[in-house]
Amino acid sequence: MPLPRRRGPDVRAGGRLILPAALVCATALPAAAQTAQRRPYGVAAADLRGTTADGTGATEEETDAFTPATRAPTRPYTSPSAAPDIVSTTAPARAEETEAARVAEPGLSDPITGSVDAADAYERQTLDAEEGYGRQNLRVPSLDGVTLRRAEDDGLGIRLGTMVLRPTISEKIFHESRRDGGFSTRRVYSETTVGGTLQSGWSRHRLTVDGAATFQKNLSGQGEEEPSARLGATLDLDLSHDWAGQLRAGYDYFKEDSTDPNAIAGASAQAAVHRLSGSAGLTKDFGLLRGTTTLEIARTLYGDAKLTNGTIVSGDDRDNLSGKISGRIGYELSPLLIPFLEASVERTKFDLSSDFNGYERSATTYALRVGTEFPLGEKISGEISGGYVWRKLDDPRLADIGGLAVDGRLAWSPLRGTVVNASLGTIVESSTTPGESGSIAYRLSLGIEHELRNAVVARLSGTALYRDYPSTSLNVDQTTLGAGAGISWAVNRYVSLEADASYERTTQRGGADSDTARIGIGLKLRR
C-alpha cells in the first residue's frame, strides 16, 4: 500500500501572501528614507505624523531628550470614543497634570498644545515689564541722537519737602555814563542782586515763586542809585479734565526814571513806586470752544521826590487802586491755531478825588481785541492780537484817550541751544501835568540767548518804547530805543562769570534827548 505523499506548501497561496507584503515593503522603504532626510536633530518621523501611541508624535527617548525639564510628563492618550468608565478614571489625572504644567510653566493655558491664554499672557507681560523693565513711559530721544540733560539731575537747588529752592546771588561792577540834554554825569557803582526760584514737585497742581532784589552803591562819581525788587507767585490748578484755574500774586518796587513823562524835572531823587497785584483766572473747555475769565486787582503807591535844593514833592495824589475783569472765547480750528475774541473793562480809582492841581484822575478803560494763539509745541508758541482801547476820565475837562491796541508774545527755538523771546504790549498811562489826560505807550522787547559752548552763553536784547499822546495834547510823542549784549561763562555748576553792556536813547521832538550807556562785569553764584 503506497505511503501517502507529503504535501508541500501551496505555492499559489504563498504567492498571494508574499506579493502584498513585497508591495508594502517597497512602499515603506522610500517613505522612511524620505522622512529620515527631512528629520533634523534626530526627531522621529512620528513627530510629524502623530502616529505614536501616546499622541505626542515622538518616542519616549526622543521626548525626554527634547522636552524642557520644567515641562510636565506626557499623559496617556484617551480616545473620544472611549467608554465612560475609562474617561471618568482618567479625567482627574489629566486635570492634575494640566494644573501641574501651568505651575511649572506660567503663561501656557495648555502645556500639551502650547496655546497661551490672552489674559494670562497680558498679566505675565505686565509683571515682566514692572519687575524687569521698570518705567514704561520712557523719554523720547532727540532726532539727532543727542542725550538730553534732565532738569532734576543738574545738581542745583535745595529740596524743601516737595519743593525745590534754587537761590542765586550776583555781584557786578558797572560804569555808567548819562547825558540829559546839556547835563552829563558819570559814576562807578556796585550792583548786588539776590534772587531765587521756588518750584513745587506736585503730581497735579504746580506752584512757582520767583523773586529778585537789586541794590546799588556808588563807588565814585555822581548819579542816582536805582534799587529794584520783584516777587511773584503763580499757582496753576488742574481742577478737572476740562476745568483749569490760575492764581497770581506779585510785588514790584522801582524808582521812576528821569525820562518818564511824570518824573519831576530837576529832582535829585525820583519817586519810588510800590505796586501790589493779584489775579484769579478760570478756564473751561467746551469741545472746540475755550473760555477764560480773569479778575485782576492792583494797588499802586508813589513815594516822594527830592529836589536839588532839598524840597520834598509828595506823590500821595497819584496813589490809586484798579480792578479789571476780562473774558476771552477761543475756537480751536486745529490744535495749532486757536483764534480768539477778548474784551475787558478796567476801573482806576485814585485815593484823592482830585490831584494837587484840582483834576479828577479816576477813569474807566475799555478794550476789545481779536487775535489768535499758535501753540506749535516746544519749538515755537505764542499769540498775537489787535484791537482798540479807550479810556474815559471822570473829569470832563480832560479829553478821552483812545487808539490802536497791539499785544503779543513769542517763544521760539530756531535751533538747538538758541532761544528767542519777544513781547509786545499796549499800556494806557495817566498824566500828572495839568490839563493833560495821558498817553498810550507801545512797548516791544526782544531777547536772544545762544549757547556758544557747553559752558558759554551769549545774550542779545533790544527794546523799543513809543508814547503816543492825543492830538489835543501839548506834549509831543516820545521814542526810546535800547540795545544790550552779554556773555556768561560757567566755571562750574555753581559759579559763573558775566559781562554786560547796554545803551539806551530817548528822543522827543522839541525836548532834550537822553543817552545812557553802561558796561559791567561780575560774578554769579547759584545753588
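All of these numbers come straight from a predicted model, not from anything done at the bench.

Definitions and cut-offs
Residues numbered from 1 in each chain as written. Predicted model: local features only at pLDDT ≥ 70, side-chain atom pairs only at ≥ 80, totals over all residues. Heavy atoms only, no water. Helix = DSSP H or I, 4+ residues; strand = E, 2+ residues; numbered from the N terminus. Polar contact = N/O pair within 3.5 Å; in protein donor to acceptor, adjacent residues only side chain to side chain. Contact = heavy atoms within 4.5 Å. Phe/Tyr/Trp six-rings, centres within 6.5 Å; stacked < 30°, edge-to-face > 60°. Buried < 20%, exposed > 50% of the residue type's maximum accessible area, 1.4 Å probe, protein only. Lys NZ or Arg CZ within 6 Å of the ring centre and 35° of its normal. Pairing = 2+ DSSP bridges.

(A) The side chain of T193, seen in detail. Relative to the assigned elements, T193 resides in strand β3 (residues 183–200). Side-chain polar atoms of T193 contact the side chain of T214, separated by 3.2 Å. Not counting the four nearest positions on each side in its chain, T193 is found in contact with T168, I169, S170, A212, A213 and T214.

(B) Local environment of the packing of aromatic side chains. In total, this model carries two aromatic pairs according to the counting rule given. For the pair F174 and Y189, a centre-to-centre distance of 5.5 Å together with 15° between the ring planes defines the contact as stacked. Taken as a pair, F174 in strand β2 (residues 163–180) and Y189 in strand β3 lie far apart in primary sequence, 15 residues in all. Across this residue pair, the class does not change: F174 and Y189 are buried. Consider the rings of Y366 and W390, whose centres lie 5.6 Å apart with planes at 25°: the pair is stacked. With a gap of 24 residues between them, Y366 in strand β14 (residues 363–373) and W390 in strand β15 (residues 380–393) connect regions that are remote in the sequence. A relative accessible area of 36% means that Y366 is categorised as partly exposed. Its end group placed over the ring of Y359, R397 keeps NZ or CZ at 4.3 Å from the ring centre.

(C) The arrangement of the pairing of strand β16 (residues 401–412) in detail. Pairing of β15 with β16, which is carried by 12 bridges, proceeds in the antiparallel orientation. Note on β16: the bridge partner recorded for G382 is L410. Taken together, the five bridges between β16 and strand β17 (residues 418–430) define a ladder with antiparallel strand orientation. For L410, the partnering residue across the bridge sits in β17 and is A422. Linking two consecutive strands that pair antiparallel, namely β16 and β17, is a turn of five residues; a positive phi of about 90° is found at G417 within it.

(D) View of the environment of F174. F174 sits in the buried class, given a relative accessible area of 8%. As a C-alpha pair, F174 and D500 span 326 residues in sequence and 8.8 Å in three-dimensional space.

(E) Local environment of the side chain of S326. Residue placement: S326 occurs in strand β12 (residues 320–331). If we skip the residues at most four places from it in the chain, S326 touches T292, T293, T294, A343 and S344.

(F) Layout of the pairing of strand β4 (residues 206–221). Pairing geometry for β3 and β4, over 13 bridges, is antiparallel. Counted as the bridge partner of T193 is T214 from β4. In terms of strand pairing, β4 meets strand β5 (residues 228–238) through nine bridges, oriented antiparallel. Across the sheet, A212 pairs through a bridge with R230, a residue of β5. From the end of β4 to the start of β5, which pair antiparallel, there are six residues, and G223 there has a positive phi angle of about 160°.

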